[in-house]
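# Geometric and topological summary
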Amino acid sequence: MILRFFKHSYVPVIIALVIFYLCCLIPPDDVPDIGVEFFIPMDKLVHFCMYFGLSGAAAVNYIWNKKGQANVYKLIIGAFLLPVIYGGLIELVQHYYFPPRAGDWYDFMADTLGSIAALPIAFYFRKYLLKKYAV
């Protein structure tokens, strides 16, 4: 069962590892400054996009492997709840174990919003595959 899980979830696992690397292992001074002014801080937008991608990849992989017959509760747990918990853990790990880094509640909020934003797309994709394979 564990091998089957990793066989079908390697993309979200790779994305999660990249997020860990970007959020914890790169010193804050080495993070490039884009220099573009936006109405929200750019790092919050990056957090939003990272978790939108993580949740979206988890959802698409699960729905695709089930050919649309995805359990909605498992979808919400795997594509929303687990990425949000992961985002919270990353912020705690940053704060307590990587001293130059600091945990930030606003980063966690951006992570959560990114995961929430991926859900409607996931449900649309599920509906699309249900129609496609219903024939």
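The rules behind the values
- Here the residue numbering is sequential within each chain, running from 1 through the sequence in written order.
- With pLDDT at 70 or above as the cut-off, local features in this predicted model cover only qualifying residues; side-chain atom pairs require 80 or more to be listed or tallied, and sums for whole chains, interfaces and linings still use all residues.
- Each side-chain value is derived from all of the structure's non-hydrogen atoms; neither hydrogens nor water enter the calculation.
- Secondary structure counts use DSSP, requiring at least four H or I residues in a row for a helix and at least two E residues in a row for a strand, with both numbered from the N terminus.
- For the exposure calls, accessible area comes from a 1.4 Å probe over protein chains only, and a residue counts as buried if that area is under 20% of its type's maximum, exposed if over 50%, partly exposed in between.
- Contact between two residues is taken to exist if any of their heavy atoms lie within 4.5 Å; hydrogens are not considered.
- For the area figures, the Shrake-Rupley method with a 1.4 Å probe applies, and any residue is considered shielded solely by the protein chains shown.
- Cavity means a closed set of points on a 1 Å grid over the protein atoms alone, one where a 1.4 Å probe fits but cannot get out, pocket means an open set with protein on both sides within 12 Å along at least 5 of 7 lines, and lining means a residue has an atom within 4 Å of a point.
- Grid points are joined across faces, edges and corners, and a volume is the space filled by probe spheres set on the points.
- Patch definition: residues with relative accessible area over 30% and no salt bridge; like charges joined within 9 Å; nonpolar side chains (Val, Leu, Ile, Met, Phe, Trp, Tyr) joined within 5 Å.
- What counts as a salt bridge is simple: a side-chain nitrogen of Lys or Arg found within 4 Å of a carboxyl oxygen of Asp or Glu.
- As a per-residue quantity, pLDDT reports the predictor's confidence and falls between 0 and 100.
- Within 6.5 Å between ring centres, the rings of Phe, Tyr and Trp (the latter by its six-membered ring) count as paired, and their orientation is classed by plane angle as stacked under 30 degrees, edge-to-face over 60, tilted in between.
- Note that a disulfide, as used here, is simply two cysteine sulfur atoms within 2.5 Å.

Let's shift gears to the overall build of the chain. Regarding its fold elements, the chain presents five helices and zero strands. Reading the chain from its N terminus to its C terminus gives the helix and strand order α-α-α-α-α. Once the C-alpha set of the chain is aligned to its principal axes, its extents read approximately 55 × 35 × 20 Å. Each of the 135 residues in the chain was classed as buried or not, and the buried ones make up 31%. Sequence separation of at least 24 residues holds for 78% of the intrachain contacts in the chain that already meet a minimum separation of 6. With an accessible surface of roughly 9,200 Å², the chain has 72% of that area assigned to carbon and sulfur atoms.

By volume, the second largest pocket is sized at about 520 Å³. In this structure, the second largest pocket is lined by 23 residues; those nearest its centre are Val 31, Pro 32, Asp 43, Val 46 and Arg 101. Broken down by secondary-structure element, the contributors of at least two residues to the lining of the second largest pocket are α2 (10-25) and α3 (42-65). With six residues, the top contributor of residues to the lining of the second largest pocket is α3.

It is worth spelling out a nonpolar patch on the surface at this point. On the surface, Ile 77, Leu 81, Leu 82, Ile 85, Leu 89, Leu 92, Tyr 96 and Tyr 97 cluster together into a nonpolar patch covering about 860 Å² of accessible area. Accessibility expressed as a relative area gives 47% for Leu 89, which makes it partly exposed.

Time to look at the confidence of the model for the chain. Close reading of the predicted structure is inappropriate where its pLDDT is low. Residue-level pLDDT values for the chain average 89, and 94% of them are 70 or greater. Confidence scores differ between elements of the chain, with helix α1 (residues 2-8) showing the lowest mean pLDDT of 68 and helix α5 (residues 105-133) the highest of 95.

Before going further, it helps to examine the environment of Phe 48. Looking at the secondary structure, you find Phe 48 in helix α3. The exposure class of Phe 48 is partly exposed, given its relative accessible area of 27%. As for Phe 48 and Pro 120, which are separated by 72 residues in sequence, their C-alpha atoms are 15 Å apart.

A few words on unusual backbone geometry. Even without a glycine there, the phi angle at Lys 67 is positive, about 55°. Mapped onto the elements, Lys 67 comes out in the loop between α3 and α4 (72-97). Relative accessible area serves as the criterion here: at 47%, Lys 67 is assigned to the partly exposed category.

To describe a pair of aromatic rings, you give the distance between the ring centres and the angle between the ring planes. In total, this model carries four aromatic pairs according to the counting rule given. Judged by centre distance (6.1 Å) and plane angle (75°), the ring pair of Phe 20 and Phe 98 falls under edge-to-face. Of the two residues, Phe 20 sits in helix α2 while Phe 98 sits in the loop between α4 and α5, which places them 78 residues apart along the sequence. Residue Phe 98 is classed as partly exposed on the basis of its relative accessible area of 21%. Ring centres of Trp 105 and Phe 108 lie 6.1 Å apart, and the angle between their planes is 80°; on these two criteria the pair is classed as edge-to-face.

Moving on: the state of the cysteines. One pass over the structure, following the stated rule, counts zero disulfides. The thiol of Cys 24 is unpaired, and the distance to the nearest cysteine sulfur, on Cys 23, comes to 6.1 Å. Owing to a relative accessible area of 4%, Cys 24 belongs among the buried residues under this scheme. Considering cysteine sulfurs only, Cys 23 is the nearest to Cys 49, which forms no disulfide, with 13 Å between them. By relative accessible area, which is 46% here, Cys 49 ends up partly exposed.

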